[in-house]
Amino acid sequence: MAANINSFASLRLPAWHGLGTILEKPIGAIEFQEVAGLNWTVSDSPIYTSGMVEIQNKKAIVRDDTGIPLGVVGSDYVPIQNEILFQTLKELGEFDTELVVETAGSLGQGETVWALAKMPAMSLKMGKDVINPYILLMNGHIGNHSLRILPNSVRVVCQNTLKMALKESSSLSYGFQIKHSSNAMERLLIAKNSLKEVCQEWENSKKQIEKLADTPITDTTIEELISGTFGDKKSKSSRGETLNENRNNKIWENFKSPTCNVEGTSGTLWSAFNAITEYLDHDSILRSENKTEARFINNLIDGPSIKYKESAWETALAMV
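Residues numbered from 1 in each chain as written. Predicted model: local features only at pLDDT ≥ 70, side-chain atom pairs only at ≥ 80, totals over all residues. Heavy atoms only, no water.

Let us now look at the sheet that holds strand E4 (residues 58-63). Read from one edge to the other, the open sheet built from 3 strands follows the order E3-E4-E5, with strand pairing classed as antiparallel. One side of each edge strand has no neighbouring strand; the edge strands of this open sheet are strand E3 (42-45) and strand E5 (69-74). Neighbour to neighbour, the strand axes of the sheet diverge by 30° on average, direction disregarded. Bridging between E3 and E4 involves 4 bridges; their strand directions are antiparallel. Residue pairing for E4: Asp44 is matched across the bridge by Ile61. (Pairing = 2+ DSSP bridges. Helix = DSSP H or I, 4+ residues; strand = E, 2+ residues; numbered from the N terminus. Axes fitted to C-alpha atoms, helices over the stretch in contact; angles between N-to-C directions.)

Set out below in structure tokens:
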């Protein structure tokens, strides 16, 4: 299937190369699960050799609707069903009554599923530069991912996903990871309660963003921000130097583009920071046959892009 996407639904905005169902108005989290084609479950299945001898300490995870085996896991692996993601979002509406599910879908044959919800009550507006906080829930059915609950934010002007910086607790900035074990539901309850802290920390993040948006920037400080993000060591090869030069040129191009020259924040440290995150989200090189899935994982879940965003954020704050 194109882009290796099994199912997908989005509120209003088409994405993922035109795939999936586009909704014209918000619907409840439970309803969104069905529209996104995620109203299926998985089950354990024993694995046998060709001689019908059961393989010990291993089992298959099978989609109940299609009968397709998604992968092999250890015998202690406990599946977490898709409905848990959407039930969690429904309950999170207690923290933010305006919370609305924006996208949800699955990758491959359903090995990876996700749901993304916007939290309007926590948005930030500086002139025409708008920041919308989101909560991303993601689950892997074959041991490829823990259940992840990650706060992140999106600048509406260019739709690039930013790392939500949480001042007090760096562990929260990486979200919550819940392993597929017998106590998974207990840990999920703890995570949902801890999300109150995320909401509180976002208030600190907004103050920090406003400081960046109030700090004018020069050519010299942009260079300092780039080197602080990626390091200023010379590459050992001419190809590496060329790649670094191309990266820096693209960041400068982003900085001068309309997406980083927004009324209210143009010419500031905040716009320079976003020139870097825009590069990481849209222009950085990905060595993968499936670029769509790789960029999704690299930008939102766990990859070099996330680490570089963290470095960019810390460097920018140190310059204020």
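Moving on from the model shown.
Another point: the nonpolar core. Side chains of nonpolar character tend, in soluble globular proteins, to be buried together. With 65 residues, the main nonpolar core has Phe32, Phe86, Leu89, Ile135, Ile149, Trp270 and Ile276 as its most contacted residues. Of all hydrophobic cores here, the second largest spans 9 residues; its members include Phe8, Tyr134, Met138 and Val154. (Core = buried A, V, L, I, M, F, W, Y, C linked by side-chain atoms within 4.5 Å. Buried < 20%, exposed > 50% of the residue type's maximum accessible area, 1.4 Å probe, protein only.)

This part is about the confidence of the model for the protein chain. Chain-level pLDDT for the protein chain is 82 on average; 82% of the residues reach the 70-or-more range. The element-level mean pLDDT for the protein chain is lowest in helix H3 (residues 170-173), coming to 44, with E4 highest at 97. (pLDDT = per-residue confidence, 0-100.)

Attention now moves to the pattern of salt bridges. This structure, assessed with the given rule, holds 5 salt bridges. Two residues, Glu253 and Lys250, come together in a salt bridge whose shortest N-O distance is 3.1 Å. Of this pair, Glu253 and Lys250 both sit in helix H6 (residues 238-256), 3 residues apart, which is roughly one turn of that helix. Take Lys250: its relative accessible area is 24%, and that puts it in the partly exposed class. When the shortest N-O distance is used, the salt bridge between Asp281 and Lys309 registers 2.7 Å. Here the residue Asp281 occupies a position in helix H7 (residues 269-282), and Lys309 occupies one in helix H9 (residues 304-319), the gap between them amounting to 28 residues. (Salt bridge = Lys/Arg side-chain N within 4 Å of Asp/Glu carboxyl O.)

Turning next to helix H5 (residues 219-230). Over its 12 residues, H5 extends 17 Å from the first C-alpha to the last, a length consistent with the 16 Å expected when each residue adds 1.5 Å. Those residues of H5 lying buried are Ile222, Leu225, Ile226, Thr229 and Phe230. End-on, the buried residues of H5 take up no more than an arc of 105°, which puts them together on one face. For H5, the secondary structure elements touched by its buried residues are H6, H7 and H9. One or two steps after H5, the chain reaches Gly231, where phi turns positive at roughly 90°. (Expected span 1.5 Å × (residues − 1). Arc of directions from axis to C-beta. Contact = heavy atoms within 4.5 Å.)

In this section: the packing of aromatic side chains. Summed over all chains, the structure comprises 5 aromatic pairs. A ring pair is formed by Phe230 and Tyr279, whose centres lie 6.3 Å apart and whose planes are at 85°; its orientation type is edge-to-face. Placement of the pair is Phe230 in helix H5 and Tyr279 in helix H7, with a sequence separation of 49 residues. The pair Phe230 / Tyr279 is uniform in exposure class, with both members buried. Measuring from ring centre to ring centre gives 4.9 Å for Phe230 and Tyr308, while their planes differ by 45°; the resulting arrangement is tilted. With Phe230 in helix H5 and Tyr308 in helix H9, the pair connects residues that are 78 residues apart, well separated along the chain. With relative accessibility at 15%, the residue Phe230 sits in the buried group. Connected via pairs of aromatic rings, a cluster forms that spans Phe230, Tyr279 and Tyr308. Between the NZ or CZ atom of Arg247 and the centre of the ring of Phe230, over which it lies, the distance is 4.2 Å. (Phe/Tyr/Trp six-rings, centres within 6.5 Å; stacked < 30°, edge-to-face > 60°. Lys NZ or Arg CZ within 6 Å of the ring centre and 35° of its normal.)

We now examine the side chain of Lys118. Tracing the sequence through the fold places Lys118 in strand E7 (residues 112-118). It is Glu102 that comes nearest to the buried, bridge-free Lys118 among opposite-charge side chains, at 4.1 Å. (Lys, Arg positive; Asp, Glu negative; His and termini not counted.)

Moving on to the pairing of E5. The sheet contact formed by E4 and E5 spans 5 bridges and is antiparallel. Bridge pairing in E5 places Lys58 opposite Gly74. Linking two consecutive strands that pair antiparallel, namely E4 and E5, is a turn of 5 residues; a positive phi of about 75° is found at Gly67 within it.

Positive phi, close to 65°, is recorded for Met52, a residue that is not glycine. With respect to the element layout, Met52 can be found in the loop between E3 and E4. Phi is positive for Asn57, which is not a glycine, with a value near 65°. Locating Asn57 in the fold gives a position in the loop between E3 and E4.

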